[in-house]
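Single-letter residue listing:
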Amino acid sequence: MYPPEIRARARQMFLAGNTVADTARANGLPYLTVWHWCNDRPEARLQGTELRCFRCREGVDSPTDPAAYVYLLGLYLGDGHLVTTARVPVLRIYCADAWPGLIEACDVAMRAVLATPTSKAITS
């Protein structure tokens, strides 16, 4: 996937009168990629998650707590999954009582990465 700036530059060259082949050569891009950008799909398609997820929007920096984010990613890859609803993606991680402190560490990481100051934990 190419950065949006490269796509915009290629589109500008094409709209200025250059052929797809000339535009592709000038930018070092595959012909079919430029053809799709200019003819088939001139506007970049937003994925569903990009519309709903606050982290996927433009202008959002990396996670506020990188260490907690990496820890949470490890938990997700090991024992979690995303449930995508119509309104918001939901992260679910399954933790066992057999590992002392795991549930609390997961809770702390989720709060550091995902929670807003007004959110409340749901415990059972």
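One can find the structure itself at the top, above this paragraph.
Predicted model, so just to flag it, every value in this text is computed and none were measured.

Enquirer: Account for the overall build of the protein chain, with residues named and values stated.
Expert: When helices and strands are tallied, the protein chain shows six helices and two strands. Moving toward the C terminus, one meets the helices and strands of the protein chain in the order α-α-α-α-α-β-β-α. A buried classification covers 17% of the 124 residues belonging to the protein chain. Counting contacts in the protein chain only where the partners sit at least 6 residues apart, residues at least 24 apart contribute 41% of the total. When the accessible surface of the protein chain is split by element, carbon and sulfur atoms take 58% of a total near 9400 Å².

Enquirer: So what's going on with the pattern of salt bridges? Which residues, and what values?
Expert: As enumerated under the stated definition, the model contains two salt bridges in all. When the shortest N-O distance is used, the salt bridge between Arg25 and Asp22 registers 2.8 Å. Taken together, the positions of Arg25 and Asp22, both in helix α2 (residues 20-27) and three residues apart, correspond to about one turn of that helix.

Enquirer: Give me the lowdown on a nonpolar patch on the surface, citing residues and values where you can.
Expert: A contiguous nonpolar patch, built from Tyr69, Val70, Leu73 and Leu77 and spanning about 390 Å² of accessible area, is present on the exposed surface. Residue position: Leu77 is located in helix α5 (residues 66-79). The class for Leu77 is exposed, based on a relative accessible area of 62%.

Rules used throughout
Residues numbered from 1 in each chain as written. Predicted model: local features only at pLDDT ≥ 70, side-chain atom pairs only at ≥ 80, totals over all residues. Heavy atoms only, no water. Helix = DSSP H or I, 4+ residues; strand = E, 2+ residues; numbered from the N terminus. Buried < 20%, exposed > 50% of the residue type's maximum accessible area, 1.4 Å probe, protein only. Contact = heavy atoms within 4.5 Å. Areas by Shrake-Rupley, 256 points an atom, 1.4 Å probe, with all protein chains shown as cover. Salt bridge = Lys/Arg side-chain N within 4 Å of Asp/Glu carboxyl O. Patch = residues over 30% accessible without salt bridge, like charges linked within 9 Å, V, L, I, M, F, W, Y side chains within 5 Å.

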